[in-house]
Amino acid sequence: MIDGLNFWGWSGYANPTGSQWKPYDDYTGDPAQEAQGLNGVYITDSTIDIIKQSSNINKH
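Position labels on residues start from 1 in each chain and follow its written sequence. Where local features are concerned, this predicted model is filtered to residues with pLDDT of at least 70; where side-chain atom pairs are given and counted, the filter is 80 or more; whole-chain, interface and lining totals use all residues. The side-chain values count all of the structure's non-hydrogen atoms but skip hydrogen atoms and water molecules.

Asks: What am I meant to see in the pattern of salt bridges here?
Replies: Side chains that carry opposite charge are capable of pairing whenever their charged atoms lie near each other. Think of a salt bridge as a Lys or Arg side-chain nitrogen and an Asp or Glu carboxyl oxygen that are within 4 Å of each other. Scanning all chains against the criterion turns up one salt bridge. Here Lys-22 makes a salt bridge to Asp-25, at a shortest N to O gap of 4.0 Å.

Asks: Is there a simple way to think about the environment of Asn-39 in this case?
Replies: Secondary structure elements are taken from DSSP: a helix is a run of H or I of four residues or more, a strand is a run of E of two residues or more, and numbering for both begins at the N terminus. With respect to the helices and strands, Asn-39 occurs in the loop between β1 (9–12) and β2 (40–42). Partly exposed residues are those whose accessible area sits between 20% and 50% of the maximum for their type, while under 20% is buried and over 50% is exposed, using a 1.4 Å probe and protein chains only. According to the relative accessible area criterion, Asn-39 is partly exposed, its value standing at 32%. As for Asn-39 and Trp-10, which are separated by 29 residues in sequence, their C-alpha atoms are 8.9 Å apart. Any N or O atom pair separated by 3.5 Å or less is treated as a polar contact, with the protein-specific requirement of one donor-capable and one acceptor-capable atom, and with residues adjacent in sequence counted only for side-chain atom pairs. Engagement of the side chain of Asn-39 in a polar contact is seen with the side chain of Glu-34, the distance being 3.5 Å.

Structure, rendered in structure tokens:
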């Protein structure tokens, strides 16, 4: 059996404007032609807890 998870992009501490990326904007992990912050996972998201729990499942 194979388990795993995936998310669109790691955005970390970025502060997106909700518009398309422009030079000097924070990089959010979304493609430049899409609204920034739309599909990213941020350090403050509850998704982080799920990722942490999932990564510890098979550790001995």
